[in-house]
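Architecture at a glance
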Amino acid sequence: MNKVEEFEELRAMLFSIAYRILGSVSEAEDAVQETWLRFDRSTTPPTSAKAFLSATVTRVSIDVLRSARVRREQYVGPWLPEPLLSDPYQDPERSAELADSVSMAALLLLERLSPLERSVFVLREVFAFGFDEIAAAVGRSEGACRQLLVRARRHMEAGRPRFEADRQERQELAARFFDALRDGDVGALRDLLAADVQLVGDGGGKAPRLARAVVGAENVARLLASVFPAMARIDVTFDPHEVNGQPGAIFRAPDGRILHTLALEVLDGRVQAIRSVINPDKLGHLGPVADAWAFDREVRQARRQMNRRRRSVAP
């Protein structure tokens, strides 16, 4: 194969490595493009294109992550990864494991790690690279990489739940959740939520967001049941869709433009967390993005009208 063919054969894997390290679709795509440029400029054919390209995309991603961390510390409100609707890297024998490694929950846990720890963990635990390959990728000895992995595992295990739901259970509970959401059924929503459920929105200062995370089944159920019927009233629709390998949905304006995504974390038979990405900068790769501020005003107006109607018919 020529260089272009070799690169294209490995592109999906390179993107998947970069996305797990960076938590950003746009930055991962840029890292893959930079990797191609370095591969194209190289004059000596590498012994292994896979080893060369995976090492290069890892080093590029580490550099990007180091600079991105400064921006994330200054980020307005909660930071969430850019939503990924489908992982281009496919391995049928490890599909469940790969989906879990790209979930919002997993990516947020990876944020606790240093760039080197994160890279070593992704290469070893997700993609099963050998320590010799990892050492070449991150520029450390094999012994140092083993220590980095030990520390990374310790941080990741400390944040992981003890019991995880299987895929079928997640899908069935999510279907009931979205049915209750369409109906604005407070009771049905409350029954599906964990007692300490959290609702988190990422607007990044560029879209309406919650002032803080909403916590507790009663609070979250009442908020959802009051907002989504009002959204339906102005013809906002949502399509259930996997988001980062987990149950979720894409919300759209009447003209089809994207308003936001919603991802559910399902454990122990309940929804433990609901994460909504509203920042338009994080949605552009999914398609045209709607004006969230305008729709927020319309939703507030619809809620006021619905509340006035309820008061007028109350006994």
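Before any of the text, the structure's been laid out above.
One structure accompanies this document, and this report is about it. (Residues numbered from 1 in each chain as written. Predicted model: local features only at pLDDT ≥ 70, side-chain atom pairs only at ≥ 80, totals over all residues. Heavy atoms only, no water.)

The strands that make up a sheet pair up through hydrogen bonds in the backbone, lying either parallel or antiparallel. Here we have six strands laid out as an open sheet, ordered S2-S1-S6-S5-S4-S3, and mixed in their pairing. Looking at which strands have only one partner, the edges of the open sheet turn out to be strand S2 (214-215) and strand S3 (237-240). When strand S1 (residues 193-202) meets strand S6 (residues 270-277), the two strands line up parallel, connected through six bridges. Bridge pairing links Val200 to Arg275 in S6. The strands touched by helix H11 (residues 217-233) within the sheet are S1, S2, strand S4 (248-252), strand S5 (258-267) and S6, with S1 carrying the most contacts at an inclination of about 50 degrees. (Pairing = 2+ DSSP bridges. Helix = DSSP H or I, 4+ residues; strand = E, 2+ residues; numbered from the N terminus. Contact = heavy atoms within 4.5 Å. Axes fitted to C-alpha atoms, helices over the stretch in contact; angles between N-to-C directions.)

So, about the packing of helix H3 (residues 49-73) against helix H6 (residues 115-126). Contact pair H3 / H6: the axes reach a minimum separation of 9 Å and the direction vectors enclose 135 degrees. Overall, the two elements H3 and H6 adopt an arrangement that is oblique. Crossing geometry of H3 relative to H6 is assigned as right-handed. When H3 is examined against H6, the residues Thr58, Ile62, Leu65, Arg66, Arg69 and Arg72 are found in contact with a partner set consisting of Pro115, Leu116, Arg118, Ser119 and Leu123. (Parallel < 35°, antiparallel > 145°, perpendicular 65-115°, else oblique. Left-handed = near helix turned anticlockwise from the far one by under 90°.)

The next thing to look at is unusual backbone geometry. Non-glycine residue Asn244 carries a positive phi angle of around 55 degrees. Here Asn244 lies in the loop between S3 and S4.

With that settled, consider helix H7 (residues 131-138). All buried positions along H7 are accounted for by Phe131, Ile134, Ala135, Ala137 and Val138. Projected down its long axis, H7 carries its buried residues within an arc of 165 degrees, all on one side. Buried residues along H7 sit in contact with H3, H6 and helix H8 (142-159). One or two positions beyond H7, positive phi appears at Gly139, with a value near 75 degrees. (Buried < 20%, exposed > 50% of the residue type's maximum accessible area, 1.4 Å probe, protein only. Arc of directions from axis to C-beta.)

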